[in-house]
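A closer look at the structure
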Amino acid sequence: MPITLGNLLMDNLQGRTCWRAFVNGNDAAFEEIYRLYIDRLFSFGLKYNTNRDLIQDCLQDVFVNVYSYRTNLNPDANPLFYLFAALRNNILAKVRKENREQGLAYEIDPLFMLEWSSETTWIKKEEDKLLINKLQQLIRRLPARQQEIIYLKFNEELRYEEIAEILNISIPTCRTLIYRAIKQLRENIEHVPLAHLLYLVFKRPSL
């Protein structure tokens, strides 16, 4: 089922309402937060590591910590931003630990990898299918950090400030990286509004 802008906005609004209620002591709201975000978080985690068991373990740790330390949480925070940041940090920590135990170069972090299903029946126009397939290939050729930023900006609609904090970079660096990514994509796709194509690429489930 395609992810629509309306669905995202509704989920985000509901998520913020539930997050505020949860931080203020409502346990039922915690269950709703889990239901709202678990699939998107799992999909996000798989882009760093395809070990599904590892991602499930990381998600369990994230939600246990969120529940345990909720009195320290900001009730007005964007829950998706907070959960993405926590999950990414948890995955990197676990992978680094595994690499150390195996005597590998633990300072080398896993790369962010975007993949899409080959299913394109949701696209009505044949020329849109061709353009979207081309854009997907171009995005996969971008450096991993730029793929991360493109995904967080256009798929999850996070603000530059939130993306910068998730990736532990400055806001100017975040803006520069997304500018370079879009510039590179635009050089290879002419005469078509790039923002429209990025919307089509990301407003449906990726793997």
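Here's what I pulled together on the structure shown here. Residue numbers here run from 1 along each chain, matching the order of that chain's written sequence. Residues qualify for local features only when their pLDDT is at least 70, as the model is predicted, and side-chain atom pairs are given and counted only at 80 or more; totals for whole chains, interfaces and linings, by contrast, use all residues. To get the side-chain values, all heavy atoms of the structure are used, and hydrogens and water are removed first.

1. Things to note about the side chain of Asn90
As a reminder, the rule being used: In this text, helices come from DSSP runs of H or I with a minimum length of four residues, and strands from runs of E with a minimum of two, each type numbered from the N-terminal end. Note on contacts: a residue pair qualifies if any of its non-hydrogen atoms lie within 4.5 Å across the two residues.
In this fold, Asn90 is placed in helix α4 (residues 79-101). Sequence-distant contacts of Asn90, that is, excluding residues within four places in its chain, are made with Cys58, Asp61 and Val62.

2. A look at the packing of aromatic side chains
Geometrically, a pair of aromatic rings is defined through the distance of the ring centres and the angle of the planes. Which entries qualify depends on this criterion: Ring pairs shown here join Phe, Tyr and Trp side chains whose ring centres sit within 6.5 Å, with only the six-membered ring taken for Trp; geometry is labelled stacked below 30 degrees between planes, edge-to-face above 60, and tilted in between. Partly exposed residues are those whose accessible area sits between 20% and 50% of the maximum for their type, while under 20% is buried and over 50% is exposed, using a 1.4 Å probe and protein chains only.
Under the criterion given, the structure shown has 13 aromatic pairs. Centre to centre, the rings of Phe22 and Phe30 are 5.1 Å apart; their planes meet at 35°, and the pair counts as tilted. On the numbers, 4.2 Å between centres and 25° between planes, the contact of Phe44 with Phe84 is stacked. Here the residue Phe44 occupies a position in helix α2 (residues 27-46), and Phe84 occupies one in helix α4, the gap between them amounting to 40 residues. Summarising the burial analysis for this pair, Phe44 and Phe84 share the class buried. Taken together, the aromatic side chains of Trp19, Phe22, Phe30, Tyr34, Phe63, Tyr67 and Tyr82 make up a single cluster linked through ring pairs.

3. Some points on the environment of Tyr160
With respect to the element layout, Tyr160 can be found in helix α7 (residues 160-167). Separated by 18 residues in the primary sequence, Tyr160 and Ile178 place their C-alpha atoms 9.5 Å from one another. Not counting the four nearest positions on each side in its chain, Tyr160 is found in contact with Lys153, Ile171, Cys174, Arg175 and Ile178.

4. Quick notes on the pattern of salt bridges
Applied cut-off: The rule for a salt bridge is simple: a side-chain nitrogen of Lys or Arg has to be within 4 Å of a carboxyl oxygen of Asp or Glu.
Counted under the stated rule, the structure contains ten salt bridges. The partner of Arg145 in a salt bridge is Glu148, with the nearest N and O atoms 3.0 Å apart. Of this pair, Arg145 and Glu148 both sit in helix α6 (residues 144-155), three residues apart, which is roughly one turn of that helix. Arg145 gets classed as partly exposed once you look at its relative accessible area, which sits at 30%. The partner of Glu162 in a salt bridge is Arg159, and the shortest N-O contact between them spans 3.4 Å.

As far as function goes, none of this settles anything; it's purely spatial.
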